[in-house]
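# Chain and residue survey
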Amino acid sequence: MKKLLSVFLSALFTLSLLSVTAFAEAPQMELSAKSAVLIEPTTGKILFEQASHDRLPPASVTKIMTMLLVMEALDNGQCKLDDMVRTSALAASMGGSQVFLEENEEMSVNDMLKAVAVASGNDAAVALAEFIGGSHENFVAKMNERAKQLGMNDTTFINCNGLDDPNHLTSANDIALMSCELIKHPKIFDYTTIWMDSLRGGQFGLVNTNKMIRFYSGATGLKTGSTSVAGFCVSASAKRDDMNLIAVIMGAPSSKERFADATKLLDYGFANYAISKSLVSEDELPDVKVEKGAQSAVDIGMSQDFNMLLEKAKISNIEKKITLPESVSAPVKENDKVGEVEFFIDGESIGKSDIVAKSAVKGLGPVGMFAKLSGYMLYGE
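For the structure given in this document, a descriptive report is provided here. (Residues numbered from 1 in each chain as written. Predicted model: local features only at pLDDT ≥ 70, side-chain atom pairs only at ≥ 80, totals over all residues. Heavy atoms only, no water.)

## Some details on the packing of aromatic side chains
Formally: The criterion for an aromatic pair is that two Phe, Tyr or Trp rings (for Trp, the six-membered ring) have centres within 6.5 Å, with stacked assigned to planes under 30 degrees apart, edge-to-face to planes over 60 apart and tilted to the rest. A helix here means a DSSP run of H or I that spans at least four residues, while a strand means a run of E at least two residues long, and both kinds are numbered starting from the N terminus. Think of it in three bands: with a 1.4 Å probe and only protein chains considered, a residue is buried below 20% of the maximum accessible area for its type, exposed above 50%, and partly exposed in between. Lysine NZ or arginine CZ positioned within 6 Å of the ring centre and within 35 degrees of the ring normal marks a charge as sitting over the ring.
Enumeration over the complete set of coordinates arrives at three aromatic pairs. Ring geometry for Trp-195 versus Phe-215: centroids 6.4 Å apart, planes at 75 degrees, classification edge-to-face. Of this pair, Trp-195 sits in the loop between α7 (189-192) and β7 (196-199) while Phe-215 sits in helix α8 (residues 212-215), and the two are 20 residues apart along the sequence. By relative accessible area, which is 21% here, Trp-195 ends up partly exposed. Ring geometry for Tyr-268 and Tyr-273: centres 6.0 Å apart, planes at 75 degrees, overall edge-to-face. Summarising the burial analysis for this pair, Tyr-268 and Tyr-273 share the class buried. Lying across the ring of Phe-204, Arg-200 places its NZ or CZ 5.2 Å from the centre. Of note, Arg-258 hangs over the ring of Phe-259, and the distance from its end group to the ring centre comes to 4.5 Å.

## Things to note about the sheet that holds strand β10 (residues 231-240)
Here is the rule we go by: DSSP bridges decide pairing: two strands pair if at least two such bridges lie between them. Axes here mean lines fitted to C-alpha atoms, for a helix over just the part in contact, with angles spanning 0 to 180 degrees between N-to-C directions. Contact definition: two residues touch when any of their heavy atoms are within 4.5 Å.
Spatially, the five strands line up as an open sheet ordered β4-β3-β11-β10-β9, and their pairing is antiparallel. For this open sheet the edge positions go to β4 (45-50) and β9 (219-227), each flanked by a neighbour on one side alone. Mean inter-strand twist for the sheet, computed between neighbouring axes without regard to direction, equals 5 degrees. Bridge analysis of β9 against β10 gives eight bridges, and the strand direction is antiparallel. Note on β10: the bridge partner recorded for Ala-219 is Ala-238. Against the sheet, helix α1 (residues 63-75) engages β9 and β10, with an angle of about 130 degrees to β9.

## A short note on helix α5 (residues 136-149)
Stated formally: By definition here, a helix of n residues has an expected span of 1.5 Å times n minus one. Of all possible arcs, the one meant is that of the directions from the helix axis to the C-beta atoms.
For α5, built from 14 residues, the straight-helix expectation of 20 Å at 1.5 Å per residue is met to within 8% by its first-to-last C-alpha distance of 20 Å. Of the positions making up α5, those classed as buried are His-136, Phe-139, Val-140, Met-143, Arg-146 and Ala-147. Projection of α5 onto a plane perpendicular to its axis shows the buried side chains occupying an angular sector of 120 degrees, all on one side. Residues Glu-137, Lys-148 and Gln-149 are exposed on α5 and point more than 90 degrees away from its buried face. On its buried face, α5 is in contact with α1, α2 (89-92), α4 (122-133) and α6 (172-182).

## Quick word on unusual backbone geometry
Cis geometry marks the peptide bond from Gly-221 to Leu-222, where omega comes out at 5 degrees. As for its placement among the helices and strands, Leu-222 is situated in strand β9. The amide bond that connects Ala-330 to the next residue, Pro-331, takes the cis arrangement and shows omega of 0 degrees. Along the chain, Pro-331 turns up in the loop between β18 (327-329) and β19 (337-345). Unlike most non-glycine residues, Asn-335 shows phi in positive territory, near 75 degrees. By the element assignment, Asn-335 lies in the loop between β18 and β19.

## Looking at the pattern of salt bridges
Basically, it comes down to this: By definition, a salt bridge exists where a carboxyl oxygen of Asp or Glu is found within 4 Å of a side-chain nitrogen of Lys or Arg.
The full count for this structure, using the stated rule, is 14 salt bridges. Taking the shortest distance from any N to any O, the salt bridge between Glu-340 and Lys-337 comes out at 3.4 Å. Residue Lys-337 is classed as exposed on the basis of its relative accessible area, which comes to 52%. Beyond isolated ion pairs, a larger network of salt bridges with shared partners links Glu-72, Arg-146, Glu-181 and Lys-184.

## Comments concerning the sheet that holds β18
Strand order in the open sheet formed by three strands is β14-β13-β18, and the pairing between neighbours is mixed. Of all strands in the sheet, those bounded by a partner on one side alone are β14 (297-298) and β18. Of the pairings in the sheet, the one linking strand β13 (residues 288-291) to β14 comprises two bridges and is antiparallel in character. Looking across to β14, one finds that Val-288 is bridged to Val-298.

Written out as structure tokens, the structure is:
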């Protein structure tokens with residue numbers, strides 16, 4: 001019978017581990033917006049929310065879902081960036097923010113995506129929607145289907161670009177969800193971080209509608225939106241010190257206040273939180289003996305980084321319970337689970353991660369067993 005070796009290790013970190021129940025209470029921030037959310041996308045932890053499930057018109061922030069479906073189509077091979085997209089009469093008829101596409105004008109997927117991400121082109125969004133979905137209606141159906149898959153229960157999309165419709169509604173919470181999904185496609189940052197660019201061989205200039213790209217340190221996107229009905233909205237993403245944050249603002253009274261609200265949320269997040277990707281060192285994971293193996297021991301390591309959201313202002317001891325057997329039996333496959341490490345804060349378990357074999361160890365064959373037995377009989381080993 002294998003005897004489990006349980007080792008309790010305590011380490012004083014300069015940052016403390018947070019679980020859902022361990023978060024400090026969010027401050028009462030004064031925001032101009034009707035609704036807001038601050039989220040850390042790796043863990044999905046919401047660091048601040050205000051009326052986050054209120055169903056409101058999102059204006060062009062809608063295009064986050066449009067861009068997500070385009071990125072997924074690119075990833076699954078449905079289209080390529082150099083594919084040419086023909087502009088329909090419907091796409092050319094779009095008002096509001098546009099790049100003034102003419103009927104039957106062709107642009108590459110790359111340029112259409114740039115027009116959507118940078119200039120918030122309503123016409124380019126419809127052209128891409130028709131190209132990916134076959135028709136605008138089919139694409140909108142795909143948007144709603146994807147929203148359900150992401151748990152966006154407050155959302156109903158009527159169009160792909162966010163032009164006002166009384167039934168076209170979502171929430172700050174749902175915008176945060178689709179924003180987190182979009183940034184899983186890092187290629188999108190090639191577009192959302194553009195400050196100035198051009199189309200049509202340099203004849204049509206583009207300036208990003210998201211002023212934070214120029215003025216906020218670490219800004220990476222994602223999308224602005226405004227109409228007379230929706231007010232001023234933004235899903236603002238930024239990255240500092242390997243941590244991404246997304247601040248969603250809906251219904252701000254002005255563009256200036258929209259960006260001020262987003263800045264306030266992001267500043268709060270970066271000032272108070274950090275991500276730690278590994279809390280277990282190699283020194284804490286000794287080799288494990290292998291019985292009846294071609295090797296006497298196997299090197300072990302963590303199966304993957306255990307991403308943890310840390311509150312900077314709350315320095316405390318993090319407890320780790322590392323559980324390992326005294327030995328394992330061969331054969332051992334690479335990445336076989338050998339043990340586990342459990343993390344605690346204030347005595348409460350907040351997660352586990354597997355400890356695995358870093359290499360394979362074959363079992364001894366008849367010759368190996370004979371040699372091992374002979375060595376034991378002759379030398380006591």
